[in-house]
Amino acid sequence: MPGKSRNSKIAIDGPAGAGKSSVTKEVARRLNLRYLDTGAMYRAITLKLIQENVDITDQKLIAEILKNTNIKFNEQEEIFLDGKPVAAEIRSSAVNQLVSPVSAIPMVRRRLVEMQQAIAKESKGIVMEGRDIASIVMPDADYKIYLDASIEERARRRRKEQLEKGIEMTELEVIAEIKNRDLIDSGREDSPLTRVQDAVVIDTTDLAFDEVVDKITGLVNN
Ligand code: DC
């Protein structure tokens, strides 16, 4: 393993469906770095709000819940909410529907960004993926990557992913869902999806998975 990657902090941002999760996991595996899926944290807090039947405009209650919620990852990077594994549950359609509005709540972002920064600080090296990693969470990252893809390709991937879960959606439905998510994720006031100026932009539309991973590990190793 090249020594250079050992302490590297790598930020990977981009919209839903650009291939962030699978690429980030493989980059982390190849470079032997810790991996953090920050979207999973927004999903976990969304799941908690659903479980507790919280009205997401109720600031006081959300503040209380944030204080009393524990989100942790184990050695295998599996996510736990208040001690229970929730990897599957955070991908449910109920969570999908509510996660963008929940992640636009400033108080929620403050708390999760704080946790993400603490994780970055205690890790020797890390690959972190999200929407605001290079801009807010790790502005001091050694490598900043912005992954993008055409909306058609992102929709194709999302449809395939849903079909694997047994959920059938038309292309139009998926495109509408993605556009809505982009609008909320990019339009919110507090740390929106951002492409920082010094990011290396990789358009994954016509690239094979390995090509994307090779590009990123190549940047770090060379
Ligand atoms: O990457 P994902 O689909 O699991 O993300 C779920 C939601 O969380 C998505 O609507 C955007 C939001 N998110 C965010 O606002 N900031 C991040 N750093 C990561 C995700």
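Before going into details, it helps to say that this report is about the structure given with it. (Residues numbered from 1 in each chain as written. Predicted model: local features only at pLDDT ≥ 70, side-chain atom pairs only at ≥ 80, totals over all residues. Heavy atoms only, no water.)

Here we look at the packing of helix α1 (residues 20-31) against helix α9 (residues 209-221)
Then, number 1: Contact pair α1 / α9: the axes reach a minimum separation of 10 Å and the direction vectors enclose 45 degrees. As summarised for this structure, α1 and α9 are arranged oblique, according to the angle between their axes. The two elements α1 and α9 cross, and the hand of that crossing is right-handed. When α1 is examined against α9, the residues S22, V23, E26, V27, R30 and L31 are found in contact with a partner set consisting of F209, D210, V212, V213, D214, I216, T217, V220 and N221. (Axes fitted to C-alpha atoms, helices over the stretch in contact; angles between N-to-C directions. Helix = DSSP H or I, 4+ residues; strand = E, 2+ residues; numbered from the N terminus. Parallel < 35°, antiparallel > 145°, perpendicular 65-115°, else oblique. Left-handed = near helix turned anticlockwise from the far one by under 90°. Contact = heavy atoms within 4.5 Å.)

Points about the side chain of D132
Then, number 1: Examined against the element boundaries, D132 turns out to sit in the loop between β6 (126-130) and α6 (133-137).
Then, number 2: Overall, the relative accessible area of 2% leaves D132 in the buried class.
Then, number 3: Excluding residues within four positions of it along the chain, D132 makes contact with D13, Y42, R109, V113, V137, S191 and P192. (Buried < 20%, exposed > 50% of the residue type's maximum accessible area, 1.4 Å probe, protein only.)

Things to note about the pattern of salt bridges
Then, number 1: All told, the structure shown has 20 salt bridges when counted by the stated rule.
Then, number 2: The shortest N-O distance in the salt bridge between R111 and E114 comes to 2.9 Å. Within this pair, R111 and its partner E114 are both found in helix α5 (residues 106-122), separated by three residues, close to a single helical turn.
Then, number 3: In this structure E114 comes out as partly exposed when scored by relative accessible area, which is 49%.
Then, number 4: Among the salt bridges present, the one from K160 reaches E164, with a minimum N-O distance of 3.9 Å. Of this pair, K160 and E164 both sit in helix α7 (residues 151-164), four residues apart, which is roughly one turn of that helix. (Salt bridge = Lys/Arg side-chain N within 4 Å of Asp/Glu carboxyl O.)

Observations concerning the site of the ligand
Then, number 1: Surrounding the ligand, one finds 15 residues, the nearest of these being R43, S100, R109, D132 and R188.
Then, number 2: Note that an oxygen atom of the ligand is positioned 2.7 Å from one of the side-chain N or O atoms of R43.
Then, number 3: Separating an oxygen atom of the ligand from a side-chain N or O atom of R188 is a distance of 2.9 Å.
Then, number 4: Expressed as a share of its isolated accessible area of 450 Å², the protein-covered part of the ligand is 96%.
Then, number 5: Ranked by residues supplied to the shell around the ligand, first place goes to helix α2 (residues 38-51) with four residues.
Then, number 6: Residue classes in the shell around the ligand are distributed as two nonpolar, five polar and eight charged. (Near = heavy atom within 4 Å. Polar contact = N/O pair within 3.5 Å; in protein donor to acceptor, adjacent residues only side chain to side chain. Areas by Shrake-Rupley, 256 points an atom, 1.4 Å probe, with all protein chains shown as cover. Nonpolar A, V, L, I, M, F, W, Y, C, P; charged D, E, K, R; others polar.)

Some points on the nonpolar core
Then, number 1: With 41 residues, the main nonpolar core has I62, I71, I79, V108, L112, M128 and M138 as its most contacted residues.
Then, number 2: Going through the elements one at a time, α2, α3 (59-67), β3 (71-73), β4 (79-81), α4 (93-103), α5, β6 and α6 are the ones with two or more residues in this core.
Then, number 3: When near neighbours in sequence (up to four residues on either side) are disregarded, V108 contacts Y42, I45, I62, L66 and V102.
Then, number 4: Core analysis: the next-biggest nonpolar cluster, separate from the first, contains 18 residues, V23, V27, V127 and I145 among them. (Core = buried A, V, L, I, M, F, W, Y, C linked by side-chain atoms within 4.5 Å.)

Here we look at the packing of α7 against helix α8 (residues 171-187)
Then, number 1: Viewed as axis vectors pointing N to C, α7 and α8 meet at an angle of 110 degrees, and their least axial separation amounts to 9 Å. Comparing their axes, α8 and α7 come out roughly perpendicular. As for how α7 packs across α8, the hand of that crossing is right-handed. Taking contact as the criterion, the partners of I151, R154, A155, R158 and R159 in α7 are, on α8, E171, V174, I175, E177, I178, K179 and D182.
Then, number 2: Taken together, the residues of the contact of α7 with α8 break down into five nonpolar, no polar and seven charged.

A closer look at α8
Then, number 1: For α8, built from 17 residues, the straight-helix expectation of 24 Å at 1.5 Å per residue is met to within 8% by its first-to-last C-alpha distance of 24 Å.
Then, number 2: Within α8 the residues assigned to the buried category are V174, I175, I178, R181, D182 and D185. The buried residues of α8 occupy an angular sector of 130 degrees when the element is viewed end-on, so they sit on one face. Among the exposed residues of α8, those pointing more than 90 degrees away from its buried face are L172, L183 and G187.
Then, number 3: Elements that come into contact with the buried residues of α8 comprise α2, α4 and α7. (Expected span 1.5 Å × (residues − 1). Arc of directions from axis to C-beta.)

The values reported here are purely geometric and, on their own, carry no functional implication.
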